[in-house]
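Analysis of the macromolecular model
Given next are the chains, with one letter for each unit.
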Amino acid sequence: MSARAARAARAKRRGGRAGEPPRAVFFFGNGHAQGRGDMKEVLGGKGANLAEMTRLGVPVPPGFTISTGVCAAFNASGEKIPEPVKRASLEALAKIERVVEKRFGDPENPLLVSVRSGARASMPGMMDTILNLGLNDVTAKGLAARAGARFAYDSYRRFIQMYGDVVEGVARERFETQLDELKERRGVFQDTELSADDLEQLVRDYLEIVRESTGRAFPQDPQQQLWGAIAAVFRSWQNERAKKYREIHAIPEAWGTAVNVQAMVFGNMGDDCATGVAFTRNPSTGERVFYGEYLKNAQGEDVVAGIRTPQPINKASRNAESQHLPTLEKEMPRAYKELLRVQQRLEKHYREMQDIEFTIERGKLWMLQTRTGKRTVRAAVKIAVDMAKESLISRETAVLRVAPDSLEKLLHPTLDPNAEKELIAKGLPASPGAAVGHIVLSADEAEARAKAGEKVVLVRIETSPDDIHGMHAAEGILTARGGMTSHAAVVARGMGKCCVAGCGALRIDAAAREVRVGGHVLTAGDWITLDGATGEVFRGEVPTVTPELGGAFSDLMRWADAIRTVRVRTNADTPADARLARTFGAEGIGLCRTEHMFFEPSRILAVREMILAADLPTRERALAKLLPMQRGDFAGIFRAMNGLPVTIRLLDPPLHEFLPHTDREIHEVAEALGSDAAVVRAKVEELKEFNPMLGHRGCRLGISFPEIYRMQVRAIMEAACDVAASRGRVQPEIMLPLIAHRGELQLLRALVEDEVASVLRERPPARVRPTIGTMIEVPRAALIAGQLAELADFFSFGTNDLTQTGYALSRDDAGKFLPDYVDRGILSDDPFVSVDEEGIGALMRIGCENGRKVRPDLKVGICGEHGGDPKSVRFCAQLGFDYVSCSPFRVPVARLAAAQAAAELATAKRRRVNRA
Ligand code: PEP
Ligand code: MG
């Protein structure tokens, strides 16, 4: 691309022409839009989609978007809207007037607008919105004459409340109290039961509340209202809940929000009006059914607020609460039909599940919003797979659509169906999964107790954006009010958290720290269990079970496996873990830590006897007791892996870890071994390492006590021969830990080979040929990888120790300052979570490249915790690793991450080829 063409393309993305200042205000309406769907950076998600929907010919009320760039200018200039932006906004407003044939501030036929935020990434409910803007004492009269006094004054009082709250900072409760008092005086429950006169009076009261609270009259000039609202939306980018949300979702502050000003359409003009929210597929199961809720004679905020129980749009959307309510399909068949057509058009266009908002004004459908719908992990997998099967997207795109980290949630337990349960209430199944935890009644308490390591369930009347941090910290969320599209439900699904919403039987008394439900009284701190898939609430701590994996999940994993080049193994020390990992798709064991086998109560005495032995014969006697036990361990693992490679690491930790610590334990051990407590204590002292991650451990032990490693190699080989002799297949790989010097590897390789040969001499028919390799887990090993490769059949990067020794940092110490390092940008990630080129990855690259220079067929893998981290998996794929190895539950995560890495690498390669 030439520099000129690049400039033009850049300018086009910003919505302007090269050489001109970037456009700040973008009009859309009547089938034409100055913006486009691919301009999210400039228009925010909402603005870009409004422009795109307009271009698609979907009925969208006309409006304009003020670009995200203005947000930064606004904040940098002491919260002033730049004059050119004001001029362009007024020009766009005039266009809206022409389309809808109404005028802003017109006493007879006034145009009303909504003013909404819209950032590049969706931040539901985090920023401010103002509706019905343009109403004042005069225009309200005009509107009353056209659309009825009840409607006009209802709109006006809503506007005064929103504007008063958001722009003028008047406490919302003041308005609400006034409204409640009026309803009480009139003896009514619903707002809709108030008369036009009541509402007109309420307007007067509200105007007085504003005057009293601010010392100024409520602004009557619509233009002044407009600038006030736009400024308030820009300002709301910096409110506390928006900041917290950005922090949790890693959204940069510099992005800013756009502002969308759009002609109002009304869902609250009577019974031929409605407003609703829908998903093109079921967001909780992923099923391909149009799914949504609506409220008759209401405005959009009423649905989201969850105050009235919404009606289902069709039969498929019915739930326990709404099964008796009439559907939109039945009540407004024409509008429903058009909605159905529009949602199909939108999903086909975006090739992605959409979350849409609509309003029906006097029978006419208007689309207010479309965006990629949030969904549970289960739904994400099903939707991606179904869309590929429907040829909407490719299999590769399907694989790229699911976040690898989220998969782990699918593998985790659900409630044990056979467990005894005490059902105490039922709400809506708002987000599936199981949550077991202590009851907490506030978001702050949830955060504090979760930080202290407790599992908590957040129980609230309803949630609001102020509760985000508590929802994040909780295992699950239970609310008394709200539907499937209430705040709690939507946010929980986005977080992949279990949520039961709208559990009407709950009576929460925050002051008494009590929850009453159907005759039960629970106290904050009591155990409670939620089933998000059924909406059931149980008293106490219900046991859970691991779920079945099949259907869409296995399709997606199969497609991922077809794409990836890196193999995925597991870290497992027991046959049970090995079998579990195989059900998750593990292709071998990348690390079997033998020390865990020594800690078993039935063995620890023999281990201690071996360590405390005063001479070689005593030690050999103890080792002889351990040999058959180890042989049994390895045979079980070989059988579980059925011919897949199994890397067994010889003993690694310093010996004092196996010894008793307290006086009582020391006495017990001395007695059991017929020794003296003083002798045992002296040995404990002698072996103690000042820093347990360094010192006399790993291969250094193998050199000091070769008989230990010989016993282990013999156990591995005898087990392998036994399994092979009974027609089993085995592929053992023997791994030496903590190698830092060529001489260590040379000596120990010879020892291992010698013991292998001696077992094979004793059992001639077995053809078991183990490979011998080394861990790369201290920096020096990476630096001399070329020398080590001459003596190793494989390398396995032990990034746990490599991170500790590379950064001179223990995991425990890490918590003291690493979060601050990440906040300040010194490190982009916690190095114990992700490896990359700037961190320990630099040593991995050196190690891998130097090793393969000497030995091109060197097998290279990773077995530190990083092996299950998607970013690290991508990094290993870039380095050309043969495999990653991780804990069983991370295996599917790694498989998907490896596939995504392969797809991305292939795309990058295609681009390079095309450029060349
Ligand atoms: C490592 O150091 O990365 C490793 C896998 O070994 P361990 O965690 O057992 O020290
Ligand atoms: Mg290690």
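Higher on the page you've got the structure.
Keep in mind that what you see is a predicted model, and the values were worked out from it rather than measured. (Residues numbered from 1 in each chain as written. Chains lettered and ligands numbered in written order. Predicted model: local features only at pLDDT ≥ 70, side-chain atom pairs only at ≥ 80, totals over all residues. Heavy atoms only, no water.)

Examining the site of ligand 1
Around ligand 1, the surrounding shell consists of L591, R593, R649, D652, M775, E777, G798, T799, N800, D801, C863 and G864. Here R593 contributes a side-chain N or O atom positioned 2.7 Å from an oxygen atom of ligand 1. N800 places a polar main-chain atom, nitrogen or oxygen, 2.7 Å from an oxygen atom of ligand 1. In the complex, 89% of the free accessible area of ligand 1, which totals 290 Å², lies under the protein chains. Where the shell around ligand 1 is concerned, the elements lending two or more residues are β28 (589-593) and α32 (799-807). (Near = heavy atom within 4 Å. Polar contact = N/O pair within 3.5 Å; in protein donor to acceptor, adjacent residues only side chain to side chain. Areas by Shrake-Rupley, 256 points an atom, 1.4 Å probe, with all protein chains shown as cover. Helix = DSSP H or I, 4+ residues; strand = E, 2+ residues; numbered from the N terminus.)

A look at the nonpolar core
One finds V115, L133, L226, I230 and M844 to be the most contacted residues of the largest nonpolar core, which totals 221 residues. Broken down by element, this core gets its largest block of residues, 11 residues, from helix α28 (residues 706-725). Residues within four places of L226 in sequence aside, it is in contact with L93, F104, V113, V115, L133 and V261. Listed in part, the 31 residues of the second largest apolar core include M53, A278, M332 and V342. (Core = buried A, V, L, I, M, F, W, Y, C linked by side-chain atoms within 4.5 Å. Buried < 20%, exposed > 50% of the residue type's maximum accessible area, 1.4 Å probe, protein only. Contact = heavy atoms within 4.5 Å.)

With respect to the packing of helix α16 (residues 404-411) against helix α36 (residues 891-915)
Viewed as axis vectors pointing N to C, α16 and α36 meet at an angle of 155 degrees, and their least axial separation amounts to 8 Å. Taken together, α16 and α36 sit at an angle that is classed as roughly antiparallel. In this structure, α16 meets α36 at a crossing whose hand is right-handed. Here α16 contributes P404, D405, L407, E408 and L411 to the contact with α36, which in turn contributes P892, V893, L896, A897 and Q900. (Axes fitted to C-alpha atoms, helices over the stretch in contact; angles between N-to-C directions. Parallel < 35°, antiparallel > 145°, perpendicular 65-115°, else oblique. Left-handed = near helix turned anticlockwise from the far one by under 90°.)

Side note on the coordination of the magnesium ion (ligand 2)
Bound to the magnesium ion (ligand 2) are the protein donor atoms E777 (OE) and D801 (OD), situated 2.0 to 2.1 Å from the metal. In this pair, E777 sits in the loop between β31 (771-776) and α30 (779-783) while D801 sits in helix α32, placing the two residues 24 residues apart along the sequence. When its relative accessible area of 1% is taken as the criterion, E777 is described as buried. (Donors = N, O, S within 2.8 Å, 3.2 Å for Na, K, Ca; no water.)

Description of a nonpolar patch on the surface
A contiguous nonpolar surface patch, about 250 Å² in accessible area, is contributed by F817, Y821 and I826. One can find F817 in helix α33 (residues 811-823). On the basis of relative accessible area, F817 is assigned to the partly exposed category, the value being 31%. (Patch = residues over 30% accessible without salt bridge, like charges linked within 9 Å, V, L, I, M, F, W, Y side chains within 5 Å. Salt bridge = Lys/Arg side-chain N within 4 Å of Asp/Glu carboxyl O.)

Some points on the sheet that holds β28
Taken in spatial order, the 8 strands close into a barrel running β27-β28-β29-β30-β31-β32-β33-β34, and their pairing is parallel. In this sheet, neighbouring strand axes are inclined to one another by 25 degrees on average, regardless of whether the strands run parallel or antiparallel. As paired elements, strand β29 (residues 645-649) and strand β30 (residues 731-736) share 5 bridges and run parallel to each other. Among the inter-strand pairings, V646 is bridged to a residue of β30, identified as P732. (Pairing = 2+ DSSP bridges.)

Quick word on the packing of aromatic side chains
Counting across every chain of the model gives 11 aromatic pairs. Where F151 meets F266, the ring centres are 4.8 Å apart and the plane angle is 85 degrees; that geometry is what we call edge-to-face. Of this pair, F151 sits in helix α6 (residues 149-166) while F266 sits in the loop between β8 (257-263) and β9 (274-279); the two residues are 115 residues apart in sequence, bridging distant segments of the chain. Each member of the pair, F151 as well as F266, carries the same accessibility label: buried. On the numbers, 5.5 Å between centres and 75 degrees between planes, the contact of Y163 with F218 is edge-to-face. Of the two residues, Y163 sits in helix α6 while F218 sits in the loop between α8 (196-214) and α9 (222-236), which places them 55 residues apart along the sequence. Here the two residues Y163 and F218 agree in accessibility, since each one is buried. Between R246 and the ring centre of W237, over which it is positioned, the NZ or CZ distance is 4.0 Å. (Phe/Tyr/Trp six-rings, centres within 6.5 Å; stacked < 30°, edge-to-face > 60°. Lys NZ or Arg CZ within 6 Å of the ring centre and 35° of its normal.)

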